[in-house]
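Report on the structure
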Amino acid sequence: MTKYKQESHARSLLKGISWRIVATSDTILVVLLVTCLTGNCSIDHAIKIGAAEFLIKFIIYYFHERFWQFVQRDGVVTSRKTLYKTISWRIVATTMTFFISGAILNAYDEIALYIAITELFTKFALYYLHERMWLKLPLGKIRNFFKKN
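The present account deals with the structure reproduced in this document. A quick note: this is a predicted structure, and the numbers were derived from the prediction, not measured.

1. Notes on helix α1 (residues 9-37)
With 29 residues, α1 ought to run about 42 Å at 1.5 Å a step, and its terminal C-alpha atoms sit 41 Å apart, in line with that. One or two positions beyond α1, positive phi appears at Gly 39, with a value near 85°.

See below:
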C-alpha cells in the first residue's frame with residue numbers, strides 16, 4: 001500500500017503528458033497494425049488518430065486524475081484502487097478511441113472496433129504500470145522545484 005497526500009495540479013498535468021506520450025505511441029502502432037492487417041495500411045490515419053487522441057484525451061485524463069484524487073482522499077493507494085482506476089479509464093478511453101477512429105476513418109466499422117479492442121488490452125497493462133510508476137515518484141518534489149525557481 002502506498003500512502004500519500006493529494007497530488008498537485010502540476011503533477012497531474014505532468015502525469016497526463018507522460019501518459020499521453022506513452023498512449024499516443026501505442027495508438028499509432030495499434031492503428032498501423034490493424035490497418036495493415038486489414039489491407040489498408042495508413043501512416044496518415046495512424047498519426048491523425050494519435051494526434052486527435054492526444055488532444056482530446058489529455059483534457060479528459062486530467063479530469064479523471066482529479067476525480068481519483070477525490071476518491072483517494074484517504075491517502076492510501078492500494079493495487080486494487082489502481083486496478084479500479086485503470087478499469088474506469090479504459091472504459092472511457094476505449095470508447096473514445098472507437099469514436100475517434102471511426103470519425104477519422106469515416107466508418108464506424110470493424111476496423112474502428114479492432115483498433116479499440118486491441119488498444120483495450122495494450123493500454124490496460126501500460127496504464128496500470130504507468131500508475132504504479134508515478135506512485136513511486138515522491139510528491140512535493142515538482143512543487144518544491146517550481147517554488148525555488
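2. A word on the environment of Thr 82
Within the secondary structure, Thr 82 is located in helix α3 (residues 79-105). Along the sequence, Thr 82 and Arg 132 sit 50 residues apart, while their C-alpha atoms lie 7.6 Å from each other. Aside from chain neighbours lying at most four places away, what touches Thr 82 is Val 77, Tyr 128, Glu 131, Arg 132 and Leu 135.

3. Considerations on the nonpolar core
With ten residues, the main nonpolar core is built from Val 30, Val 31, Val 34, Ala 46, Ile 49, Ala 52, Ile 100, Leu 105, Ile 111 and Ile 115. For this core, the elements supplying multiple residues, two or more each, are α1, α2 (43-71), α3 and α4 (110-136). Core analysis: the next-biggest nonpolar cluster, separate from the first, contains six residues, Trp 19, Ala 23, Tyr 61 and Ala 93 among them.

Definitions and limits used
Residues numbered from 1 in each chain as written. Predicted model: local features only at pLDDT ≥ 70, side-chain atom pairs only at ≥ 80, totals over all residues. Heavy atoms only, no water. Helix = DSSP H or I, 4+ residues; strand = E, 2+ residues; numbered from the N terminus. Expected span 1.5 Å × (residues − 1). Contact = heavy atoms within 4.5 Å. Core = buried A, V, L, I, M, F, W, Y, C linked by side-chain atoms within 4.5 Å. Buried < 20%, exposed > 50% of the residue type's maximum accessible area, 1.4 Å probe, protein only.

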